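Single-letter residue listing:
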Amino acid sequence: MSNFLKIVIIFAAGFFLTSCNTNTKSDPYYKISSQFKQYCVFQKQSKWTYENDQDNNLHDLIIKNVNDYIGFHAGDNQSGPYSFDVVDMFYDTTNSLHIHKVSINAGNPTTGSGDMNGLYWLFFSDQNYLLAFAPGYPMGVEQRLGSKPGLYTNIEKLNSYTVNGKDYTDVYHTQVRKTEGTPDTVNYQFYFAPHYGLIKWTRRVNGKTTSFSLAHANLIQQ
C-alpha cells in the first residue's frame, strides 16, 4: 500500500491526532499555502448559489461552521512522521446538493512540490467522498487513490473560463472517476477558480449528465 493511500485511509476514517500529543519539534510540519487558500478556504456564512444546468433550479450552499487544527501522520516504512494543517468547512445540512463538508489539508512530498500541493476533499451526506482538487499532481497523470476516493486527474489549467456569463481566470479543471454502487463508472468534472472555489461541476453515469454552475456568490476569505 502506498504512503499516500495510507494517508487517504486515515483521513477518511477521521483518525487524525493533534500535534500536541504526537509530534515533536523535529518532525516536518506542512502548512496550507496562501495561494491554495485563495481557491479553497472560506469563512463562516460564505454562500454559493448554483444553477442546475438541466432544469435551471437554484441551490444554495452556506458554510455554517469552520474548524481548523493540526493533523498528524504517524510515519511508516516509506516516510517518517509529520504534521499538517487541516481546515474543515461544514455546510448547512438542509442544502439540496447533499454536500456535507469540505476538508482541506496541506500537501506533503507525495502530492508534488510548490505552493499548490494542498488537497481538497469533498464529502456528501450519503458518506460518499472524493478528492476533487489537488493541483500539485502532474497534469494529465491519473492518480490511483483507491476505490472510495477514486481515480484523480488534473486535466488542465485554463487562463479564462466562462460560467453563466462571468469570466474566471486561472481555473483548474480536474476529473474523478469512481464506482458508487452502479453498473457504470461515475465520472466527475470539477472547475476551481481563485476567490470563488468550486464554480462548476458535472456528474455523468449511465449516459446521464447532471451539472451545476455558479450563478452568484457572497464569499468571505481572510
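Thresholds applied
- Residues numbered from 1 in each chain as written.
- Predicted model: local features only at pLDDT ≥ 70, side-chain atom pairs only at ≥ 80, totals over all residues.
- Heavy atoms only, no water.
- Helix = DSSP H or I, 4+ residues; strand = E, 2+ residues; numbered from the N terminus.
- Buried < 20%, exposed > 50% of the residue type's maximum accessible area, 1.4 Å probe, protein only.
- Contact = heavy atoms within 4.5 Å.
- Areas by Shrake-Rupley, 256 points an atom, 1.4 Å probe, with all protein chains shown as cover.
- Phe/Tyr/Trp six-rings, centres within 6.5 Å; stacked < 30°, edge-to-face > 60°.
- Lys NZ or Arg CZ within 6 Å of the ring centre and 35° of its normal.
- Pairing = 2+ DSSP bridges.
- Core = buried A, V, L, I, M, F, W, Y, C linked by side-chain atoms within 4.5 Å.

1. Remarks on the overall build of the chain
So, point 1. Assigned secondary structure in the chain consists of 3 helices and 13 strands.
So, point 2. For the chain, the proportion of its 222 residues judged to be buried stands at 48%.
So, point 3. Of the contacts formed within the chain by residues at least 6 apart in sequence, a portion of 48% connects residues at least 24 apart.
So, point 4. A total accessible area of about 10,700 Å² is found for the chain, and carbon and sulfur atoms account for 48% of it.

2. Side note on the environment of Lys148
So, point 1. By secondary structure assignment, the location of Lys148 is in the loop between β8 (143-144) and β9 (151-163).
So, point 2. Measuring from C-alpha to C-alpha, the distance between Lys148 and Asn128 comes to 7.5 Å, with 20 residues separating the pair along the chain.
So, point 3. The contact partners of Lys148, leaving out residues within four places of it in the chain, are Tyr129 and Lys178.

3. As for the packing of aromatic side chains
So, point 1. Applying the stated rule across the entire model yields 19 aromatic pairs.
So, point 2. Consider the rings of Tyr161 and Tyr191, whose centres lie 4.5 Å apart with planes at 5°: the pair is stacked. Note that Tyr161 is positioned in strand β9 and Tyr191 in strand β11 (residues 186-193), a separation of 30 residues in sequence. In terms of burial, Tyr161 and Tyr191 fall into one category: buried.
So, point 3. One residue, Lys101, lies across the ring of Phe123, its end atom 4.9 Å from the ring centre.
So, point 4. Residue placement shows Lys166 over the ring face of Tyr168; its charged tip is 5.4 Å from the ring centre.

4. Observations regarding the pairing of strand β5 (residues 99-105)
Within a regular beta strand, the side chains point alternately toward one face of the sheet and then the other, so they alternate between its two faces.
So, point 1. Burial analysis of β5 places 6 of its 7 residues in the buried class, which makes it a mostly covered element.
So, point 2. Pairing between β5 and strand β6 (residues 119-124): 6 bridges, direction antiparallel. The residue of β6 that forms the bridge with Val102 is Leu122.

5. Some points on the nonpolar core
So, point 1. Ranked by size, the top nonpolar core spans 56 residues in total, and within it Tyr50, Ile104, Tyr120, Leu122, Phe133, Phe190 and Ile199 carry the most contacts.
So, point 2. Apart from the residues within four sequence positions on either side, Phe190 is in contact with Leu122, Leu130, Ala132, Tyr172, His173, Thr174, Val176, Leu198, Lys200 and Trp201.

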